[in-house]
Amino acid sequence: MLISITISNGFTDISNGRLPGKTPAGPGRTRYDWALSYPINNYNATFCFGKYAHFDDVYISGKDTLTLNYYAMPYHLEMAKAMFAQVKLMLACFERHFGKYSPESAGH
């Protein structure tokens, strides 16, 4: 699935999958292109846009590296960083109980 959303500059679009790129889309507008390489129901495709702060991290499991991208309201950025610090522990727990989370399933 490819999800393309055009919005006014100064805003960020967030959607399913990976963000392979952003493209200028005319005066004061940017198109965000999100790509999914795994099956998804149409009703699970979502998008949000707003004035988000972005930060990222990586989860390493054996030889695989999974990029982790987070978006939060700028006034909640420090709280979000503290909260999302738990994600790696959660992924390790899920792998232990449900099997390896492959980078391919995350849209690589």
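Quick caveat: nothing in here was measured; it's all calculated off a predicted structure. (Residues numbered from 1 in each chain as written. Predicted model: local features only at pLDDT ≥ 70, side-chain atom pairs only at ≥ 80, totals over all residues. Heavy atoms only, no water.)

Colleague: Which residues make up the overall build of the protein, and what values do they have?
Modeller: A tally of helices and strands in the protein yields 2 helices and 7 strands. Secondary structure elements of the protein, listed N to C terminal, follow the sequence β-β-β-β-β-β-β-α-α. Principal axes of the C-alpha set define a box for the protein whose edges measure 50 × 35 × 25 Å. Counting only residues that meet the buried cut, the protein has 29% of its 108 residues in that class. Summed over its atoms, the accessible surface of the protein is roughly 7,200 Å², and 59% of this surface lies on carbon and sulfur atoms. Charged side chains of the protein number 10 positive and 8 negative; the gap between the two group centres comes to 3 Å. (Helix = DSSP H or I, 4+ residues; strand = E, 2+ residues; numbered from the N terminus. Buried < 20%, exposed > 50% of the residue type's maximum accessible area, 1.4 Å probe, protein only. Areas by Shrake-Rupley, 256 points an atom, 1.4 Å probe, with all protein chains shown as cover. Lys, Arg positive; Asp, Glu negative; His and termini not counted. Charge placed at Lys NZ, Arg CZ, Asp CG, Glu CD.)

Colleague: Which residues make up the sheet that holds strand β4 (residues 29–35), and what values do they have?
Modeller: In a beta sheet, neighbouring strands pair by backbone hydrogen bonds and run either parallel or antiparallel. Read across the sheet, 3 strands follow the order β1-β4-β3 without closing on themselves; strand pairing throughout is antiparallel. Looking at strand neighbours, the two that pair on one side only are β1 (2–8) and β3 (18–24), the edges of this open sheet. The mean angle between the axes of side-by-side strands here comes to 20°, regardless of whether they run parallel or antiparallel. With 7 bridges joining them, β1 and β4 adopt antiparallel strand pairing. Counted as the bridge partner of Leu2 is Ala35 from β4. (Pairing = 2+ DSSP bridges. Axes fitted to C-alpha atoms, helices over the stretch in contact; angles between N-to-C directions.)

Colleague: Report on the pattern of salt bridges, specifying residues and quantitative values.
Modeller: Counted by the stated rule, this structure contains 3 salt bridges. Where Arg31 meets Asp33, a salt bridge forms, and the shortest distance between an N and an O atom there is 2.9 Å. A relative accessible area of 32% places Arg31 in the partly exposed class. For Asp33, a relative accessible area of 10% puts it in the buried group. Residue Lys88 pairs with Asp57 through a salt bridge whose shortest N-O separation is 3.1 Å. Residue Lys88 is found in helix α2 (residues 87–98), and its partner Asp57 is found in strand β6 (residues 53–61); the two are separated by 31 residues along the sequence. Given the relative accessible area of 32%, Lys88 is considered partly exposed. On the basis of relative accessibility, which here comes to 32%, the residue Asp57 falls in the partly exposed class. (Salt bridge = Lys/Arg side-chain N within 4 Å of Asp/Glu carboxyl O.)

Colleague: Run through the packing of aromatic side chains, naming residues and quoting values.
Modeller: In total, this model carries 4 aromatic pairs according to the counting rule given. Their ring planes at 50° and their centres at 6.3 Å tell us that Phe55 and Phe84 sit as a pair that is tilted. One end of the pair, Phe55, is in strand β6; the other, Phe84, is in helix α1 (residues 77–84), and 29 residues separate them in sequence. Residue Phe84 is classed as partly exposed on the basis of its relative accessible area, which comes to 25%. One aromatic cluster is present, built from ring pairs that chain together Phe55, Tyr70 and Phe84. Lying over the aromatic face of Phe11, Lys51 brings its terminal NZ or CZ to 5.1 Å of the ring centre. Above the face of the Phe55 ring, Lys81 is positioned so that its terminal group lies 5.7 Å from the ring centre. (Phe/Tyr/Trp six-rings, centres within 6.5 Å; stacked < 30°, edge-to-face > 60°. Lys NZ or Arg CZ within 6 Å of the ring centre and 35° of its normal.)

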